[in-house]
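What the coordinates show
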Amino acid sequence: MNYAIEAEGLVKTFGSEVRALDGVNLRVEQGTVLGLLGPNGSGKTTTVRVLTTTLVPDSGRATVNGFDVVKQPNSVRSSIGLAGQYAAVDENLTGRENLRMVGQLLQLSRRDASRIADELLEHFDLTAAANRPSKTYSGGMRRRLDIAAALVHRPPVLFLDEPTTGLDPKSRNAVWAVVEELVAAGTTVLLTTQYLEEADRLADRIVVLDRGAVIAEGTSAELKSDLGETVLDLGFVDPDTAERAASLFRGSWNGGVVVDGSLLELSVDSGPSQVMLALRELDSAGLNPSRMALREPSLDDVFLSLTGRRAEVTEEDES
Amino acid sequence: MTPSVLPEAAVQMKRSRLRRTIGDAMVVTERNLIANLRIPESLFFSSVQPIMFVLLFRYVFGGAIATPGMNYVDYLMAGIFVQTVMFGSINTSIGLAEDLQKGLIERFRSLPMARSAVLAGRTTSDLLRNVVVIVIISLVGFAVGFRIHTNAFAFLGSVLVMLFFAYVISWGFAYIGLAAPNSEVAQLMAFPILFPLTFASTAFVPSSTMPGWLRAFAEHQPVSLVINSVRALTQGGPTARWVIPALIWCTGMLIVFVPLAVWRYRRIT
């Protein structure tokens, strides 16, 4: 098997307190997409920084495109592209100047760098804005330029660190289309995201990180199958009531039982009869749900059942 | 997305380590100079303060300061030149702190470029910026009565001394810019360092009126030595006694500051 990215036992601590990576193992097959999923502070970005040679791990080893990230950093750097929240474009330079600069720093001749800059601008629909300083670009345009900058030398391995965070749905779709096109052409992609939908759509395999460690790994379908095929959401008036309802099912229920605030989530793989059973149980205990929905499990549910917390950052978490 | 295809990979040049180091530094220098040209306000406003200093000392305080053997304006300009290029070097720390903050350094560090290029490019572009500043201040000086009483070569020599000094200070500020949490703090950190060095010096007044302890500091610290060199080279008098210790100081500081900044750059987390 050919792995474009391999990491074994990566550990990185900041200061004496924060253990950002606590023994991360990863393997990404050539030409596939790995989605690195986890909340803020779970170690996604630190993993990317180690793999892109901008951070040296305390212990563990990793290779990218066959090169050791610590011993052969320049060979790694020639094989990768990096785009995302922490690798920026220069806002004082125009789109064309940004791409040409990156090309030159990738050791292309000025002529090649200029030619490729123009081709990339064309491809990413930025030709009209090519000679404007990139600070005048919209968020979506800037992100496209950022990704274009990561593709100047057509790297075999591409790292995208939260590539669509803060983008509107249209720009997000455009980024996704680019990733799909690159993968179809054989590029290996490691993508970090907080959006489960994004991992679901793009990633062949998903690794879930929490507090610097891998807590689950598999295809989207495999991760979801642990939760069953169908989930019944039952909303109650408050978390207490939801908890009381959950206690009716814990231990006896054939499938997952998860409480999230005032919401109770039950796996109901056996079909309508299991739904009716659930409702009868609630009725006999005198607990009336205020709303109800049947749906397929999302990766969010996977994360919740693995960690007891939601993956996506809510407004309160950020303040 | 447009249906056009993505460009094929181009050939990466095989260059010697030295050519690559110089080439990469030139690319970064060019990038910084473009940014300077895009924000002419920055150069304009950083010239306003020294111009106001010239006017303030020339016309407000100057009459009350006795400078035996030369006109006050001739005495003053050496101080103004050195003060201005030294404050101009703060740009190095602001620029690097901004690049760090905005994620550009992260991009640079993920590219197969020479590790020294970001620092070398930044200090070089700030050196060129200081050349422009010296031209502006010279014109202002000549307009308010400053005259060179030596010759053109000596004046050129004084410019080289100032630029070398400013370049050294830039490397010191490179360290500060990389260590500061953000560009605002990087700028604030410069002030307590530069202020005493500028004013407890022979920049604006002769040291003879200072109390003994201050006079001892003012006469031996590097900023005064550089100012005295510039003054001797533009106004006449013995030059070697100032220029040689000034150059020794500058070289010594360069030997300390460059490795310090590079060390700091390598251990960015």
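Listed under Subcellular location (unreviewed entry) in UniProt, the entry text for chain B is "Membrane".

Listed under Subcellular location (unreviewed entry) in UniProt, the entry text for chain A is "Cell membrane". Its UniProt record gives chain A a comment under Sequence similarities (unreviewed entry), which states: "Belongs to the ABC transporter superfamily. Drug exporter-1 (DrugE1) (TC 3.A.1.105) family."

With that settled, consider the overall build of chain A. Helix and strand counts for chain A stand at twelve helices and 14 strands. Along the three orthogonal principal directions, the C-alpha set of chain A runs to about 80 × 45 × 40 Å. Expressed as a percentage of its 319 residues, the buried residues of chain A come to 45%. Looking at chain A alone, contacts between residues at least 24 apart form 67% of all its contacts between residues at least 6 apart.

Another aspect to go through is the sheet that holds strand β10 (residues 213-218) of chain A. Residues and elements named next belong to chain A. Taking strand neighbours across the sheet as the criterion, the six strands line up as β6-β7-β8-β3-β9-β10 in an open arrangement whose pairing is mixed. On the outer flanks of this sheet lie β6 (80-84) and β10, each paired with one strand and no other. Going across the sheet, the axis of each strand differs from the next one's by a mean of 15°, ignoring polarity. Bridging between β6 and strand β7 (residues 157-161) involves five bridges; their strand directions are parallel. Note on β7: the bridge partner recorded for A83 is L160. Sheet contacts for helix α5 (residues 139-150): β6 and β7; angle to β6, the most-contacted strand, approximately 165°. Here helix α11 (residues 299-307) sits on the sheet in contact with β3 (33-37), β9 (205-210) and β10, set at roughly 135° to β10.

Note that L188 of chain B resides in helix α8 (residues 183-199). The class for L188 of chain B is exposed, based on 10 C-beta atoms found within 10 Å.

Turning next to the interface of chain A and chain B. Contacts between chain A and chain B engage 39 residues on the former and 30 residues on the latter. Mapped onto the side of chain A that touches chain B, the elements with two or more residues apiece are α2 (73-79), β6, α3 (95-105), α4 (110-123) and α6 (169-184) of chain A. Ranked by residue count, the leading element in the side of chain A that touches chain B is α4 of chain A, at six residues. Of the residues belonging to the side of chain A that touches chain B, the class tally is 20 nonpolar, eleven polar and eight charged.

Our next topic: the pairing of strand β4 (residues 59-64) of chain A. Residue and element names in this part refer to chain A. Sheet analysis places strand β1 (residues 3-14) next to β4, joined by five bridges and oriented antiparallel. Bridge pairing in β4 links E8 to R61. Alignment of β4 against strand β5 (residues 67-68), held across two bridges, turns out to be antiparallel. Looking at β5, one finds that V64 is bridged to F67. Counted along the chain from β4 to the antiparallel partner β5, the turn is two residues long, and its residue N65 has a positive phi close to 55°.

Time to look at the packing of helix α7 (residues 152-179) of chain B against α8 of chain B. Residue and element names in this part refer to chain B. Where α7 contacts α8, the axes come no closer than 9 Å and their chain directions differ by 135°. The angle between α7 and α8 falls in the class oblique. Once α7 is placed against α8, the crossing between them reads as right-handed. Contacts between α7 and α8 pair F173, I176 and G177 from the former with A186, M189 and A190 from the latter.

Residue and element names in this part refer to chain A. The element β3 is extensively covered by neighbouring structure, given that five of its five residues are classed as buried. Where β3 and strand β8 (residues 188-193) come together, five bridges link them in parallel fashion. Note on β8: the bridge partner recorded for G35 is L191.

Our next topic: helix α10 (residues 222-235) of chain B. The end-to-end C-alpha distance of α10 of chain B, which contains 14 residues, comes to 20 Å, matching closely the 20 Å that a straight helix rising 1.5 Å per residue would cover. Here α10 of chain B lies mainly inside the structure; 13 of its 14 residues are buried.

Take the UniProt feature "transmembrane region" (unreviewed entry) in chain B next. Residue and element names in this part refer to chain B. In this structure's numbering, the residues bearing the UniProt feature "transmembrane region" (unreviewed entry) are residues 43-61, 73-97, 127-146, 152-178, 185-205 and 242-263. The annotated region residues 185-205 carries 71% helix and 0% strand content, and the separation between its end C-alpha atoms amounts to 31 Å. Along residues 242-263 the backbone is 100% helical and 0% strand, and the end-to-end C-alpha distance reaches 32 Å.

Moving on, we come to the sheet that holds β4 of chain A. The strands making up a sheet associate through backbone hydrogen bonding, with each pair oriented either parallel or antiparallel. All names here are of chain A. Judged by pairing direction, the sheet is antiparallel, and its four strands sit side by side in the order β2-β1-β4-β5 without closing on themselves. Across the chains shown, the open sheet's two edge strands, defined by having one partner strand only, are β2 (18-29) and β5. Contacts from helix α1 (residues 44-51) reach β1, β2 and β4, with the element oriented near 115° to β1.

On to the packing of α3 of chain A against helix α1 (residues 17-38) of chain B. For any two helices packed against each other, the geometry comes down to the angle between their axes and how far apart the axes lie. Across the interface, α3 of chain A lies against α1 of chain B with an axial gap of 9 Å and an inter-helix angle of 165°. Classified by the interaxial angle, the pair formed by α3 of chain A and α1 of chain B is roughly antiparallel. α3 of chain A and α1 of chain B meet at a crossing whose hand is left-handed. Contacts between α3 of chain A and α1 of chain B involve E97, M101, Q104 and L105 of chain A from the former and D24, V27, R31 and I34 of chain B from the latter. Considering only residue class, the contact of α3 of chain A with α1 of chain B consists of four nonpolar, one polar and three charged.

Time to look at the domain arrangement of chain A. Taken as a whole, chain A is organised into domain 1 (3-223) and domain 2 (228-296). In this structure, domain 1 of chain A and domain 2 of chain A have C-alpha centres spaced 40 Å apart.

Membership of the largest hydrophobic core comes to 142 residues, with the highest contact counts inside it found for V82, M162, F165 and V226 of chain B. When residues of this core are assigned to their parent elements, the largest contribution, 14 residues, is made by α7 of chain B. Apart from the residues lying within four places of it in its own chain, the contact partners of M162 of chain B are F81, V82, V85, I134, V226 and V230 of chain B. Of all hydrophobic cores here, the second largest spans ten residues; its members include L234, F236, A245 and L266 of chain A.

Each full turn of the α-helix corresponds to 3.6 residues, which orients residues three or four apart in the same direction. All names here are of chain B. Over its 17 residues, α8 extends 25 Å from the first C-alpha to the last, a length consistent with the 24 Å expected when each residue adds 1.5 Å. Residue I193 marks the point of greatest curvature in α8, where the axis turns by about 30°; the proline P196 follows within four residues. Regarding α8, the residues found buried are A186, A190 and L197. Close packing links the buried residues of α8 with α4 (90-102), α7 and α10.

Parameters at a glance
Residues numbered from 1 in each chain as written. Chains lettered and ligands numbered in written order. Predicted model: local features only at pLDDT ≥ 70, side-chain atom pairs only at ≥ 80, totals over all residues. UniProt positions renumbered as here; feature names shortened; annotations may be inferred. Helix = DSSP H or I, 4+ residues; strand = E, 2+ residues; numbered from the N terminus. Buried ≥ 20, exposed ≤ 12 C-beta atoms within 10 Å, placed from the backbone. Contact = placed C-beta atoms within 7 Å. Pairing = 2+ DSSP bridges. Axes fitted to C-alpha atoms, helices over the stretch in contact; angles between N-to-C directions. Nonpolar A, V, L, I, M, F, W, Y, C, P; charged D, E, K, R; others polar. Parallel < 35°, antiparallel > 145°, perpendicular 65-115°, else oblique. Left-handed = near helix turned anticlockwise from the far one by under 90°. Expected span 1.5 Å × (residues − 1). Domains from an automatic or database assignment. Core = buried A, V, L, I, M, F, W, Y, C linked by C-beta atoms within 7 Å. Bend = angle between axes of the 7 residues up to and from the residue.

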